[in-house]
Every structure is written in structure tokens, then in C-alpha cells.
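Residue-level structure breakdown
Each chain is listed here by its residues.
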Amino acid sequence: MSKQTFYLTALLLCSCLFSSKAKSQSTPQRLRLGFSIGMDKITPEILVKAKANGIDFIETSVNRYIDSAGNFLLTDDEMIDKVKAAKKMADEAGIQIWSIHMPYGRLIDISLSDSAGRPGVLDLHKKVLGFCKILKPTIILFHPSWFLGINERDFRKGQMVQSAIELNTAVKAIHATMVIENMFGPELLRDKTRERPLFRTVEESVEMMNRLPADIYSAIDLNHIKHPEKLIYAMGPRLKTLHVADGTDKAENHFFPCSGQGHNDWVAILTAINAVGYKGPFMYESKYKDVSEFKPCYESLYQSFLQSTGTAGK
């Protein structure tokens, strides 16, 4: 990143910080709630209980039905039956399928360095989108990459951008919005032979979003980065969905936000979410014991936020 781009980014962050103070003077609207659940885990019982406990949305995936090489474990007819069943259960429970978490892995990476193999990866994702069309999701979420080889980051960025542009056409064809998730990466190196995935820092996320079409948006995982509020400000109106969890910035902990195990500053996070005008769900992607925990946890975080703004009780 050039010095000029870095300073412009810093200026944007400062501007958002000042604007957040002004916006927080009015009582912020509560966010609706959701949680992530694999399609193989969906049952009528869990969705009915979730709805009764304040859940309006879910994120799901068909990843359980695809192996690490990108092969489907079920026939097309079986996949269609699974997807239709999930849609029926969600509809009957009164829950909206908000987002689809697309498959990810070393061999099905949209930034794949093997240019000959990358079209096959895109075909896999397009096939998944064909099944997911039945679910009528609002958001389609992609990982930008798997782990990278040493010193291939710039090349993989170009591969990822090409793939995202092509896949965005397929996403729009099912009347959904494409988002890219920030990835975990406190240090550049994962080990002696691998670098962390793309979108590992605020600066890199800004750089990559600037290279993508304006109709590809951001998903922010609050467990993937230290001080996630900084990334929220940087993404601004391009933030379209969240993965809510707590962490230590040392591993992908996915702690429940109210467990007290992580380091996130939830007042700072909710302040940032309010400042950028985020309207999507508070989508839990964390460890939990029971779906009845989600609403009380959010309410406790929200009340702490209100107290910080001086609007509690208004």
C-alpha cells in the first residue's frame, strides 16, 4: 500500500470515529438476530425453538456434502431434496435463510494459483449456487483464499479478483449479493511454507475491496481480527453481513460473545456497527450451548452500548 493510500485510509477511519459520536446521540435500532448452522444440522425442532427465542435469520451451507477435493457426496437429485427440505423447515418456522457460506479449502480456493485448475473451482461454486437458488438467500459469502505459498501473495490477489468478478455474475443471477469475508491472520506467516489467507488486515482488506466491483461487499468476522471495529469503519457502507464471535487474536476461537473468554470490546464494535449504518442481522457464528442464549446475550451487549452513549432508558 502506498503512503498516500495509507494516509487516506487513516483519514477515513478518523472521520468515521468522529461521525460515530454524533450518530450515537440518538437511540440506535436493535439488530435482528441470526445464527450459523450447517444444512445437515437443520431440524424443525431447532428452528422452531430458535424462532421462539428471537431468531429471525440463519446462515447455512452445503459444505458437509462436499469433500476436500470439491466432489459432491450426494447425487444432484439428493442435493435438491436436501435443499428443498431445509427451505421448507425454515419457511414453516418463520425463519429467513439470510446467507450461504460457500465451500472453502486448499483445492477449492477461488484464488487458486493453478490457472488451469481455477475454472474447475469456479464451476464447483456455480453448481453450489444452482442448488442454493432454491433457498432464496440474500447474501452469498466467500472466503477470499486458503493459505498461500510464500511470496505468491500479489499473484493470488489477481487470481482472486478475476474469480470474484466471474462468480459475482452467477450470484446476481440468483438475485443475491456477494460478500467476501476477512480472514484470520495476526502474523503474515502461518509456518515456514505458508502465508496467511488474503484479507488478513484492515489495510489489505481496503486494498482488495478497492480492486473489486462496487457491487461486491464485505463480510466481517469479529473473531478474525484484533480490534474488528477498525475494519468495520474501514468497510463502511460496504459491510453487508457479520460473523459474531469473540476471540483472542491468537487462534480462531469462535467464543460465545458473552462467555467472557475473548478480548473484543463489544461497546466499540456496536458503536462502529451503528456508525456505518449496518442493517443486517447480528449473525452468531460461535460456540453456544442452546439457542435460547442468543437473545439475552445480544440484549446485554446492546444495553452496555446504550449506557456508553447516554441513551439507556430513552
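Our subject is the structure listed above.
Residues numbered from 1 in each chain as written. Predicted model: local features only at pLDDT ≥ 70, side-chain atom pairs only at ≥ 80, totals over all residues. Heavy atoms only, no water.

Applying the stated criterion across every chain, the model contains 13 aromatic pairs. With a centroid separation of 5.8 Å and 15° between ring planes, the pair formed by Phe256 and Tyr284 is classed as stacked. Here Tyr284 lies in strand β11 (residues 282–284) and Phe256 lies in the loop between β10 (239–243) and α8 (266–275), a separation of 28 residues in the sequence. By relative accessible area, Phe256 is classed as buried at 10%. Tyr284 gets classed as buried once you look at its relative accessible area, which sits at 1%. Put simply, the rings of Phe35, Phe256, Trp266, Phe282, Tyr284, Tyr288, Phe294, Tyr298 and Tyr302 touch in pairs and so form one group of aromatic residues. Across the ring face of Phe147, the terminal group of Arg194 is positioned such that the distance to the ring centre comes to 4.6 Å. One Lys or Arg, Lys240, reaches over the ring of Tyr217 and ends 4.7 Å from the middle of that ring. (Phe/Tyr/Trp six-rings, centres within 6.5 Å; stacked < 30°, edge-to-face > 60°. Helix = DSSP H or I, 4+ residues; strand = E, 2+ residues; numbered from the N terminus. Buried < 20%, exposed > 50% of the residue type's maximum accessible area, 1.4 Å probe, protein only. Lys NZ or Arg CZ within 6 Å of the ring centre and 35° of its normal.)

Next up on the list: the side chain of Glu285. Structurally, the position occupied by Glu285 is in the loop between β11 and α9 (294–309). For the buried residue Glu285, which engages in no salt bridge, the nearest side chain bearing the opposite charge is Lys287, 12 Å off. A polar contact of 3.1 Å, which involves the side chain of Glu285, links it to the side chain of His243. Not counting residues up to four positions away in its chain, the partners in contact with Glu285 are Ser36, Glu59, His101, Asp221, His243, Val244, Ala245 and His254. (Lys, Arg positive; Asp, Glu negative; His and termini not counted. Salt bridge = Lys/Arg side-chain N within 4 Å of Asp/Glu carboxyl O. Polar contact = N/O pair within 3.5 Å; in protein donor to acceptor, adjacent residues only side chain to side chain. Contact = heavy atoms within 4.5 Å.)

Without other data, these values stay purely geometric and don't point to any function.
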